[in-house]
Amino acid sequence: MPMFGDLKDSIKDFSEKAKSAVVEKELSEDDIDDLLWDLEMQLLQNNVAQMVVDELIEELRDDLVGKTVKRTEVETVVRDSLHDAIVDVLKDPGEPIEEELASGTPTEALFMGFNGSGKTTTIAKIAAAFKDEYEIVLAAGDTFRSAAIDQLEEHGDNLGLKVISHDYGSDAAAVIYDAKEHAEKEGKDLILADTAGRSHEDTNLMDELDKICRVNEPDLKFLVVDALAGNDVVNQAEQYEEIGFDAIVLTKVDVDKKGGAALSLGHVTGRPIVYLGTGQDYDDLERFNPEQLADDLVDSSG
Ligand SMILES: Nc1nc2c(ncn2[C@@H]2O[C@H](COP(=O)(O)OP(=O)(O)OP(=O)(O)O)[C@@H](O)[C@H]2O)c(=O)[nH]1
Ligand SMILES: [Mg+2]
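From a predicted model like this one, the values you see are computed outputs, not experimental measurements. (Residues numbered from 1 in each chain as written. Chains lettered and ligands numbered in written order. Predicted model: local features only at pLDDT ≥ 70, side-chain atom pairs only at ≥ 80, totals over all residues. Heavy atoms only, no water.)

Moving on to unusual backbone geometry. Note: most peptide bonds trans; most residues except glycine with negative phi. Note the cis peptide between Thr105 and Pro106, where omega equals 0°. Secondary-structure assignment places Pro106 in the loop between α5 (96-102) and β3 (107-112). In this model, Glu217 sits at a positive phi of 40°, which is unusual for a non-glycine residue. Summarising the element assignment, Glu217 is placed in the loop between α9 (203-216) and β7 (220-226). Its identity is not glycine, yet Lys252 carries a phi of approximately 60°, on the positive side. Within the secondary structure, Lys252 is located in the loop between β8 (247-251) and α11 (260-269). (Helix = DSSP H or I, 4+ residues; strand = E, 2+ residues; numbered from the N terminus.)

Shown next, in the form of structure tokens:
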């Protein structure tokens, strides 16, 4: 009797294996190549930098080959894996300003980036978002570009906020230092410091920014990058590595809706993207949502 029992077991065993061979398979390169190719094209069409696409797809291939999956679910598995890889690359944005505010005030946040990337507008938007709950002072640290101080003062007027400014051409580090002293004296919570737009070639301005950071030791340094810069966002971020930054604001995503810039930035810098600029008005500021971007980039409709 036990013999028949064994036979029964091994028949069952065999039929289960046969069944799983029908429903399951081990992924080979051939199984996923076409799918990966499609995804690669999709990412490139969404303006993800080539280098970033190459690395992501390579990692995905390594992870997937040899994996056992249901035959009907190959495509889903590949897409889900890319989705997860993208969410992994894009660090959790958290709430760095709120966290700094909670750890003791005044909190000093410095905004820097290339010319016209949206620094001053972003400061005004953040001020508008935080001003009901916190006491804010703005620091006109762009003493370089003509009309930059007036631009920040106009935002200050509109929002009912104090702006600390000196003359054009004066020392930006000193302006921000004054703003900090003002905040300490007046018991204000948050200093939002503007700076002049600059790129790596502007040696003097880069030295100035270095001095601003040394003198003022900001709690948070935001790099403000404009999504319209396309693949150049990677270059821009790399130019600020020497100065260093904690987090990223990506602006003008209302004009460039593709989302690739965000993924490229996240991948290349390892820093979180915290806010998105979605227009020119004060309330056109959104918290960045990595899941949402991964959904958009992997969405099969492209
Ligand atoms: N559509 C759109 N426009 C934006 C956004 N953010 C800023 N802008 C516009 O971009 C232009 C430049 O913005 P600013 O805030 O002056 O940029 P900046 O980095 O301070 O510029 P500089 O001080 O000259 O270096 C302005 O016309 C803004 O209205 C955004 O999220 N979406
Ligand atoms: Mg500005």
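For the rest of this paragraph, the subject is the pattern of salt bridges. One pass over the structure, following the stated rule, counts 12 salt bridges. Between Arg287 and Glu98 there is a salt bridge, with its nearest N and O atoms 2.4 Å apart. Residue Arg287 is found in strand β10 (residues 285-287), and its partner Glu98 is found in helix α5; the two are separated by 189 residues along the sequence. Judged by relative accessible area, Arg287 falls into the partly exposed class, the value being 39%. With a relative accessible area of 17%, Glu98 lands in the buried category. One salt bridge connects Asp171 with Lys211, and the closest N-O pair in it is separated by 3.0 Å. Taken together, the residues Asp171 in the loop between β5 (162-164) and α8 (172-186) and Lys211 in helix α9 connect sequence positions 40 residues apart. Judged by relative accessible area, Lys211 falls into the partly exposed class, the value being 34%. (Salt bridge = Lys/Arg side-chain N within 4 Å of Asp/Glu carboxyl O. Buried < 20%, exposed > 50% of the residue type's maximum accessible area, 1.4 Å probe, protein only.)

Around ligand 1, the surrounding shell holds 21 residues, and the nearest of these are Lys119, Thr120, Thr121, Asp254 and Gln280. Side-chain polar atom of Lys125 to an oxygen atom of ligand 1: 3.3 Å apart, as the coordinates give it. With respect to ligand 1, the backbone of Gly277 contributes an N or O atom lying 3.2 Å from an oxygen atom. For ligand 1, the accessible surface in isolation is 650 Å², of which the surrounding protein chains cover 82%. Of all the elements, helix α6 (residues 119-130) adds the most residues to the shell around ligand 1, at 4 residues. Looking at the shell around ligand 1 residue by residue, the classes come out as 2 nonpolar, 13 polar and 6 charged. (Near = heavy atom within 4 Å. Polar contact = N/O pair within 3.5 Å; in protein donor to acceptor, adjacent residues only side chain to side chain. Areas by Shrake-Rupley, 256 points an atom, 1.4 Å probe, with all protein chains shown as cover. Nonpolar A, V, L, I, M, F, W, Y, C, P; charged D, E, K, R; others polar.)

Let us look at the packing of helix α2 (residues 29-45) against helix α4 (residues 74-89). α4 packs onto α2 with a crossing angle of 45° between their chain directions and a minimal axis gap of 10 Å. As judged from the angle between their axes, α2 and α4 are oblique. The way α2 lies across α4 gives a crossing that is right-handed. Residue-level inspection shows Asp31, Ile32, Leu35, Leu36, Leu39, Gln42 and Leu43 of α2 in contact with α4, the latter providing Val74, Glu75, Val78, Arg79, Leu82 and Ile86. Among the residues making up the contact of α2 with α4, the classes are represented as 9 nonpolar, 1 polar and 3 charged. (Axes fitted to C-alpha atoms, helices over the stretch in contact; angles between N-to-C directions. Parallel < 35°, antiparallel > 145°, perpendicular 65-115°, else oblique. Left-handed = near helix turned anticlockwise from the far one by under 90°. Contact = heavy atoms within 4.5 Å.)

Another point: the environment of Gly169. Among the structural elements, Gly169 can be located in the loop between β5 and α8. Separated by 27 residues in the primary sequence, Gly169 and Asp142 place their C-alpha atoms 8.9 Å from one another.

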